[in-house]
Amino acid sequence: MYVVFEDGTDLYWARSRTLEYLSSIISRLPDGVRTELGPDATGLGWIYQYALVDTSGQHSLADLRSYQDWYLSYYLRSVPGVAEVAPIGGYTRQYQVNLDPNRLRAYGIPVSRVVEAVRSGNKESAGRLLEFGGTEYMVRGRGYARSIEDFENIPLSVTDNGSQIRIKDVGQVAMGPDLRRGVADLDGTATSSPVSSSCATAPTLWM
């Protein structure tokens with residue numbers, strides 16, 4: 001969705017007004033839908049491109065993309081004037097649950113229940129405060145899944161004899177790449193698509 005303001009409108013005033021209107025409709029959006037305001041940068045602020053290339057062959061495209069997303073991009077965003085780091089290429093790692101329809105039918109479990117179980121079994125829960133000797137302690141349930149085994153052991157249901165049905169009973173959990181929407185190459189070499197990225201400056205600095 002694009003919001004167009006008149007020429008000469010202060011950029012940060014426009015962003016704050018947009019956030020105000022977005023905050024008033026969040027409660028009316030469908031479950032799982034979230035709003036996010038784009039960075040204060042434009043395509044004209046694209047000032048630098050670089051590529052991560054592993055000439056040793058010891059790291060996969062997934063390794064390079066993970067290093068880009070979780071390490072290098074944070075260092076670049078800390079540079080004064082850099083508003084966004086946009087990665088292209090590589091494989092974004094994700095946990096994937098591959099369900100067996102025959103097992104689901106045998107247990108009588110719909111796919112929607114599996115989706116809800118994975119969502120509720122991979123988050124932190126807030127608790128209340130406990131007070132001891134004038135000191136308050138915050139109670140919090142830490143439930144983020146950190147491995148394939150954690151996802152496999154998420155409970156789904158209970159059988160008639162009291163046995164627990166878990167994710168691994170109806171499918172297989174694996175680490176795989178996210179869906180790709182494009183390919184990046186360096187010097188025309190597409191077979192070893194590097195992880196490319198670009199840095200954009202804030203419009204105020206670019207102007």
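Residues numbered from 1 in each chain as written. Predicted model: local features only at pLDDT ≥ 70, side-chain atom pairs only at ≥ 80, totals over all residues. Heavy atoms only, no water.

### A few points about the nonpolar core
Nonpolar side chains in soluble globular proteins tend to end up buried together.
Then step 1. Judged by nonpolar contacts, L104, I109, V114, A117, A145, F151, I154, L156, I165, I167, V170 and V173 together constitute the single largest core of twelve residues.
Then step 2. Breaking this core down by element, the ones donating at least two residues are α4 (111-120) and α6 (167-170). (Core = buried A, V, L, I, M, F, W, Y, C linked by side-chain atoms within 4.5 Å. Buried < 20%, exposed > 50% of the residue type's maximum accessible area, 1.4 Å probe, protein only. Helix = DSSP H or I, 4+ residues; strand = E, 2+ residues; numbered from the N terminus.)

### Observations regarding the packing of aromatic side chains
The relative placement of two aromatic rings is captured by the distance of their centres and the angle of their planes.
Then step 1. Enumeration according to the criterion identifies five aromatic pairs in this entry.
Then step 2. Judged by centre distance (4.7 Å) and plane angle (40°), the rings of Y95 and F151 are tilted. Taken together, the residues Y95 in strand β3 (residues 93-99) and F151 in helix α5 (residues 148-152) connect sequence positions 56 residues apart.
Then step 3. The exposure class assigned to Y95 is partly exposed, which follows from its relative accessible area of 32%.
Then step 4. Sitting over the ring of Y74, R77 keeps its end group 5.9 Å from the ring centre. (Phe/Tyr/Trp six-rings, centres within 6.5 Å; stacked < 30°, edge-to-face > 60°. Lys NZ or Arg CZ within 6 Å of the ring centre and 35° of its normal.)

### Things to note about the pattern of salt bridges
Close approach of charged atoms allows side chains with opposite charge to pair.
Then step 1. Under the counting rule described, the total for this entry stands at six salt bridges.
Then step 2. With its nearest N and O atoms 3.3 Å apart, the salt bridge here joins E36 to R34. An identical accessibility class is assigned to E36 and R34; each is exposed.
Then step 3. A salt bridge links D69 to R65; its shortest N-O distance comes to 2.9 Å. Placement of both D69 and R65 in helix α2 (residues 61-77) is noted, with a separation of four residues, approximately one turn of the helix.
Then step 4. Classification of R65 by relative accessible area gives buried; the value is 13%. (Salt bridge = Lys/Arg side-chain N within 4 Å of Asp/Glu carboxyl O.)

### Focus: the confidence of the model for the protein
Then step 1. On average, residues of the protein carry a pLDDT of 82, and 88% of them reach 70 or more.
Then step 2. Per-residue pLDDT, averaged within each element of the protein, yields its smallest value for helix α7 (residues 203-206) (29) and its largest for α6 (94).
Then step 3. Low pLDDT, under 50, characterises residues 201-207; the stretch is placed with 19 contacts to residues that sit more than four places away or in other chains. (pLDDT = per-residue confidence, 0-100. Contact = heavy atoms within 4.5 Å.)

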